[in-house]
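Working through the structure, step by step
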Amino acid sequence: MQAMVLTETRKPLQKINAVDPCPGRGEVLVRVEACAVCRTDLHVADGDLPDPKLPLIPGHEIVGRVVGVGPESARFAIGDRVGIPWLGWTCGKCRYCTAGQENLCDDALFTGYTRNGGYAEWTVADERYCVPIPDWYSSAEAAPLLCAGLIGFRSLMKTGTARRIGIYGFGAAADLVTQIAIHQGREIYAFTRVGDSGGQDFARSLGARWAGSSNSVAPVELDAAIIFAPAGDLVPRALGAVRKGGVVVCGGIHMSDIPQFPYRLLWGERTVCSVANLTRKDAEDFMAIAPRVPVRAHIETFQLTDANDALDRLRSGRLKGTAVLLMP
Ligand SMILES: [Zn+2]
Ligand SMILES: [Zn+2]
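This write-up is about the structure you can find in this document. (Residues numbered from 1 in each chain as written. Chains lettered and ligands numbered in written order. Predicted model: local features only at pLDDT ≥ 70, side-chain atom pairs only at ≥ 80, totals over all residues. Heavy atoms only, no water.)

**Examining the sheet that holds strand β13 (residues 222–227)**
The strand order β12-β11-β10-β13-β14-β15 describes an open sheet built from six strands, whose pairing is parallel. For this open sheet the edge positions go to β12 (210–213) and β15 (271–274), each flanked by a neighbour on one side alone. Shown here is a sheet whose adjacent strand axes are inclined to one another by a mean of 20°, direction ignored. Note that strand β11 (residues 187–192) and β12 share four bridges and pair parallel. Residue pairing across strands places T192 opposite S213, the latter belonging to β12. Against the sheet, helix α3 (residues 148–158) touches β10 (164–168), β13, β14 (242–250) and β15, its axis set at about 160° to β14. (Pairing = 2+ DSSP bridges. Helix = DSSP H or I, 4+ residues; strand = E, 2+ residues; numbered from the N terminus. Axes fitted to C-alpha atoms, helices over the stretch in contact; angles between N-to-C directions. Contact = heavy atoms within 4.5 Å.)

If you want it as structure tokens, here you go:
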């Protein structure tokens, strides 16, 4: 099979021809149809995240068809279409796994980080962590839902019943979460990079009540804020924009240092929390709601062998939607 492989961080991926993987116990062999490119892939490739498995096939927003099953694999039939997200395996025994917080398992394995991912024609996955993909979506359209969609959804759930929500950083996750939030009758206030009028127009086109630069003052007091941009200085800014009792959710896996800020910004029972990974239940809940909204990802497609180009364009902000690799 063809695959794009990270052999060393801060170096471009290399195209290789490898032996097709073989499904082990409880695993499925999947012919990959599409794999979206996530900012986390950049953090892995750039060495921002510690200890990736090397060499590594990145990619954790995989949609494909089951073409083989390993011993004792019974969940899917040949031909079923599945999604393979970031959470690839958990121990099932620790205090987190047994309390509905498998996203926090210390021994978890992550697709495209500590397990091989989907920048390849074939991949294997533990069948328990795959999610069926609704027929409503093509594989390319469904791929970005598997991370940007799921993380956005989990971030939105962390805001509880907040009605007026500020979103800082208007990329793929913000796009998808805005669609769900508006469907649920909430109001979205979009904060983009200073001067990013294109991003602000995009947010308004999705139905945001207001869009402006991240250094501007919100037009209303917010009930909650979600930060998707990896910029720590947004935390005190967002705290300053939410009302008493409000929550600021940090939705990214990596963020620059949070600067010192006065206690009064946190006072009034405001909360700051992060979203780490996702659970299988998040995936199931999201896939149930997504076609009803319907949540639509804006995508830009690339050939598998153009993965480096897709990553470069994501790094420099030159994508119009989520990059999705299509397999030959
Ligand atoms: Zn565990
Ligand atoms: Zn991701």
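**Some remarks on the coordination of the zinc ion (ligand 1)**
Under ideal tetrahedral coordination, the four donors around a metal are separated by 109.5 degrees; under ideal octahedral coordination, the six donors are separated by 90 or 180 degrees. The protein atoms that coordinate the zinc ion (ligand 1) are C91 (SG), C94 (SG), C97 (SG) and C105 (SG), at distances of 2.3 to 2.4 Å. Between the four donor atoms coordinating the zinc ion (ligand 1), the angles at the centre fall across 105 to 119°, so the site counts as tetrahedral. As a motif over one chain, the donors of the zinc ion (ligand 1) read C-x2-C-x2-C-x7-C. With C91 in the loop between β6 (87–89) and β7 (109–110) and C105 in the loop between β6 and β7, this pair connects stretches of sequence that are 14 residues apart. (Donors = N, O, S within 2.8 Å, 3.2 Å for Na, K, Ca; no water. Tetrahedral: all angles 85-135°; square planar, octahedral: opposite > 155°, others 65-115°.)

**Regarding helix α6 (residues 234–241)**
Burial runs high along α6: six of the eight residues are buried. Taken together, the buried positions of α6 are occupied by L234, V235, P236, A238, L239 and A241. Those residues of α6 hidden inside the fold are in contact with β10, β13, β14 and β15. (Buried < 20%, exposed > 50% of the residue type's maximum accessible area, 1.4 Å probe, protein only.)

**A word on the environment of K158**
Tracing the sequence through the fold places K158 in helix α3. For K158, a relative accessible area of 36% corresponds to the partly exposed category. Separated by 66 residues in sequence, K158 and A224 place their C-alpha atoms 9.3 Å apart. In this view, K158 contacts V247, V249, C273, S274 and V275; residues no more than four positions away in its chain are not counted.

**Considering the nonpolar core**
Core analysis: the largest hydrophobic core is formed by 94 residues, its most contacted members being Y119, F286, V295 and L325. In this structure, Y168, A218, I227 and A238 belong to the second largest nonpolar core, which totals 17 residues. (Core = buried A, V, L, I, M, F, W, Y, C linked by side-chain atoms within 4.5 Å.)

**Some remarks on the packing of α3 against helix α4 (residues 172–183)**
One way to put it is that α3 packs onto α4 with a least axis distance of 8 Å and a crossing angle of 55°. Considered as vectors, α3 and α4 are oriented oblique to each other. The chirality of how α3 crosses α4 is right-handed. Counted together, A148, G149, G152, F153 and L156 of α3 and A172, A173, L176, V177, I180 and A181 of α4 form the full contact between these two elements. For the contact of α3 with α4, a count of residues per class yields nine nonpolar, two polar and no charged. (Parallel < 35°, antiparallel > 145°, perpendicular 65-115°, else oblique. Left-handed = near helix turned anticlockwise from the far one by under 90°. Nonpolar A, V, L, I, M, F, W, Y, C, P; charged D, E, K, R; others polar.)

**Considering the coordination of the zinc ion (ligand 2)**
Bound to the zinc ion (ligand 2) are the protein donor atoms C38 (SG), H60 (NE2) and C147 (SG), situated 2.0 to 2.2 Å from the metal. The sequence pattern formed by the donor residues of the zinc ion (ligand 2) is C-x21-H-x86-C. Separated by 87 residues along the polypeptide, H60 in the loop between α1 (39–45) and β4 (62–69) and C147 in the loop between α2 (139–142) and α3 bring together distant segments of the chain. Note on accessibility: H60 and C147 belong to one class, buried.

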